[in-house]
Number of protein chains: 2
Amino acid sequence: MRERRYSSTSPDRLAAALFDVAAESGLENASVREVAKRAGVSIGAVQHHFSTKDDMFAFALRKFVDELLSRLAAVQEDEAPSRALFAALSQLLPLDDARSREAHVITAFAVRAATSPTLAEIRRKTLFTIRTGISAVLIGIGTPEAETRAALLLATVDGLALDAIGSPALYPPEYLQHVLETQIRLTLTGTDAHRSEIELAS
Amino acid sequence: MRERRYSSTSPDRLAAALFDVAAESGLENASVREVAKRAGVSIGAVQHHFSTKDDMFAFALRKFVDELLSRLAAVQEDEAPSRALFAALSQLLPLDDARSREAHVITAFAVRAATSPTLAEIRRKTLFTIRTGISAVLIGIGTPEAETRAALLLATVDGLALDAIGSPALYPPEYLQHVLETQIRLTLTGTDAHRSEIELAS
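Because the structure is a prediction, the values reported are computed rather than measured. (Residues numbered from 1 in each chain as written. Chains lettered and ligands numbered in written order. Predicted model: local features only at pLDDT ≥ 70, side-chain atom pairs only at ≥ 80, totals over all residues. Heavy atoms only, no water.)

1. Some words on the environment of S42 of chain A
Residues and elements named next belong to chain A.
Right, so step 1: Mapped onto the fold, S42 is located in the loop between α2 (32-39) and α3 (43-49).
Right, so step 2: Taking relative accessible area as the criterion, S42 reaches 14% and is therefore assigned buried.
Right, so step 3: Here the alpha-carbon distance between S42 and S8, two residues 34 residues apart in the chain, equals 9.4 Å.
Right, so step 4: At 3.0 Å, the side chain of S42 and the backbone nitrogen of A45 are in polar contact. (Helix = DSSP H or I, 4+ residues; strand = E, 2+ residues; numbered from the N terminus. Buried < 20%, exposed > 50% of the residue type's maximum accessible area, 1.4 Å probe, protein only. Polar contact = N/O pair within 3.5 Å; in protein donor to acceptor, adjacent residues only side chain to side chain.)

2. Section: the nonpolar core
Right, so step 1: If you look at the biggest cluster of nonpolar residues, it comprises 148 residues, and the most contacted ones within it are L18 and I134 of chain A together with L18 and I134 of chain B.
Right, so step 2: The residues touching I134 of chain B, leaving out its near neighbours within four places in the chain, are L85, L89, A150, L153 and L154 of chain B. (Core = buried A, V, L, I, M, F, W, Y, C linked by side-chain atoms within 4.5 Å. Contact = heavy atoms within 4.5 Å.)

3. A short note on the pattern of salt bridges
Right, so step 1: Applying the stated criterion across every chain yields a total of 24 salt bridges over all chains.
Right, so step 2: Salt-bridge contacts for R112 of chain A lead to E28 of chain B; the nearest nitrogen and oxygen are separated by 3.2 Å. With R112 of chain A in helix α6 (residues 97-112) and E28 of chain B in the loop between α1 (11-25) and α2 (32-39), this pair bridges two chains.
Right, so step 3: By sharing partners, the salt bridges in this structure join D20, E24, R38 and R101 of chain A into a single network. (Salt bridge = Lys/Arg side-chain N within 4 Å of Asp/Glu carboxyl O.)

4. Points about the packing of aromatic side chains
Right, so step 1: Tallied over the full model, the rule gives eight aromatic pairs over all chains.
Right, so step 2: For the ring pair F50 of chain B and F59 of chain B, a centre distance of 5.5 Å and an interplane angle of 45° mean the geometry is tilted.
Right, so step 3: F50 of chain B gets classed as buried once you look at its relative accessible area, which sits at 7%.
Right, so step 4: In this arrangement the basic side chain of R131 of chain A is found over the ring face of Y171 of chain B, its NZ or CZ atom lying 4.9 Å from the centre. (Phe/Tyr/Trp six-rings, centres within 6.5 Å; stacked < 30°, edge-to-face > 60°. Lys NZ or Arg CZ within 6 Å of the ring centre and 35° of its normal.)

5. Observations regarding the interface of chain A and chain B
Right, so step 1: Counting residues at the interface gives 46 residues for chain A and 46 residues for chain B.
Right, so step 2: Seen at the junction of chain A and chain B, the total is six salt bridges.
Right, so step 3: With its nearest N and O atoms 2.5 Å apart, the salt bridge here joins E145 of chain B to R185 of chain A.
Right, so step 4: Within the residue set of the side of chain A that touches chain B, elements represented by two or more residues are α1 (11-25), α6, α7 (117-140), α8 (146-166) and α9 (173-187) of chain A.

6. Overview of the confidence of the model for chain A
All names here are of chain A.
Right, so step 1: Chain-level pLDDT for chain A is 91 on average; 90% of the residues reach the 70-or-more range.
Right, so step 2: Taken together, the stretch residues 1-7 has pLDDT below 50 and engages in twelve contacts with residues farther than four places along the chain or on a different chain.
Right, so step 3: Within the model, pLDDT remains below 50 along residues 195-202, and this stretch shows ten contacts once partners closer than five positions in the same chain are excluded.
Right, so step 4: As scored by the predictor, the complex reaches a pTM of 0.91 and an ipTM of 0.90. (pLDDT = per-residue confidence, 0-100.)

7. Observations concerning the relation of the copies chain A and chain B
Right, so step 1: In screw terms, the move from chain A to chain B is a rotation of 180° and a rise of 0.0 Å along the axis, fitting with an RMSD of 0.0 Å. When the rotation and shift are considered jointly, the pair of chain copies conforms to a two-fold rotation axis. Ranked by how close their C-alpha atoms come to the rotation axis, the residues of chain A are headed by G159 of chain A, at 1.8 Å.
Right, so step 2: A shared binding surface is used by both copies, with 100% of the interface residues of chain A retained as interface residues in chain B. (Least-squares fit on C-alpha atoms with pLDDT ≥ 70 in both.)

8. A look at the packing of α8 of chain A against helix α8 (residues 146-166) of chain B
The axes of two packed helices give the description: the angle between them and the distance between them.
Right, so step 1: Here α8 of chain A crosses α8 of chain B at 95°, and the two axes come no closer than 6 Å. Of the possible angle classes, the one that applies to α8 of chain A and α8 of chain B is roughly perpendicular. Across from L152, L154, A155, T156, D158, G159, L160, L162 and D163 of chain A in α8 of chain A, the residues of α8 of chain B making contact are L152, L154, A155, T156, D158, G159, L160, L162 and D163 of chain B.
Right, so step 2: Tallied by class, the residues present in the contact of α8 of chain A with α8 of chain B amount to ten nonpolar, four polar and four charged. (Axes fitted to C-alpha atoms, helices over the stretch in contact; angles between N-to-C directions. Parallel < 35°, antiparallel > 145°, perpendicular 65-115°, else oblique. Nonpolar A, V, L, I, M, F, W, Y, C, P; charged D, E, K, R; others polar.)

9. Description of the side chain of T191 of chain B
Residues and elements named next belong to chain B.
Right, so step 1: Take T191: it is sitting in the loop between α9 (173-187) and α10 (194-197).
Right, so step 2: When its relative accessible area of 3% is taken as the criterion, T191 is described as buried.
Right, so step 3: Aside from chain neighbours lying at most four places away, what touches T191 is I141, G142, T143 and P144.

In structure tokens form, the structure reads like this:
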């Protein structure tokens, strides 16, 4: 880890290094120095791409969110709506090591948004995009109060992720899947498709 | 703010100073130095009570959680269950300035729990206590899947708080109250008392 390459690096590589540092030791430790060290480059190489730590954070969050939204959008639309919702939203739960790392980093950015207008704007757009996507599915199957229930479904997943990252023993993966299925079922209460889709794939 | 008192201070006063720093500029800025400055004491006075920053964090989180759990427990038990749940859980939502500050600090500690076993243990006990309390209410009125729905209700509130602290414009107080009422109503689906209590007080 003491090796330093003074050759050029890319913003994407630095964002990946920031993600690794934040996932392993917390976003509060993702300083320019630590990110440079993790990427194997000089501090100057980081500063070449990002004039401030805030710039680096904003770039990393945008890249992370873009990848996440692409994955959510890639969920098969020909699935039954309840299965599509489960497939998409389970991307946001810490169901394995990779998603636990992601959940840790994204919740850390969500908290940081409370004190950073730049991060808050990225977060606001992300929440709005995901809520709109969930709403569209719910409206498509005649769910009552679709927009409110979409916000609830997203909040449930965000809250489960927040609760689970610090208390994995209270929220093992099978349990998280079970409670997400339950929330989807409650969300679809009163929906046209309710009866035929009440059972989710295991 | 440049005044420093070298007289003795109390752990409670330091915890209050830590809370203020974390609420205003983020938990990552709640260093021993900043907490001392906010409390108007020397760094040595902080170190007299807390040998490490982790000790200081753990004490502050325990104190904060104890106060929060006391407030939740003080909710009138003779209220209708849906109103009691609303009264208790709305304590956890950023519905005014005081609760916005609390929501910011408690979510920051929740994320920090992912990298701190001491904070994780405090968080685990807190979640377990609140979930058990919600479960007891739900079991008392014959709610199906009471424990799962209790975990969901808590996760929804935690997620709404997380989503709202960085995006207050997307989650104004009236909207947060409305979505909490909706989640409580969905939670009580199939409950004995469902019909008589479907309406919550405004």
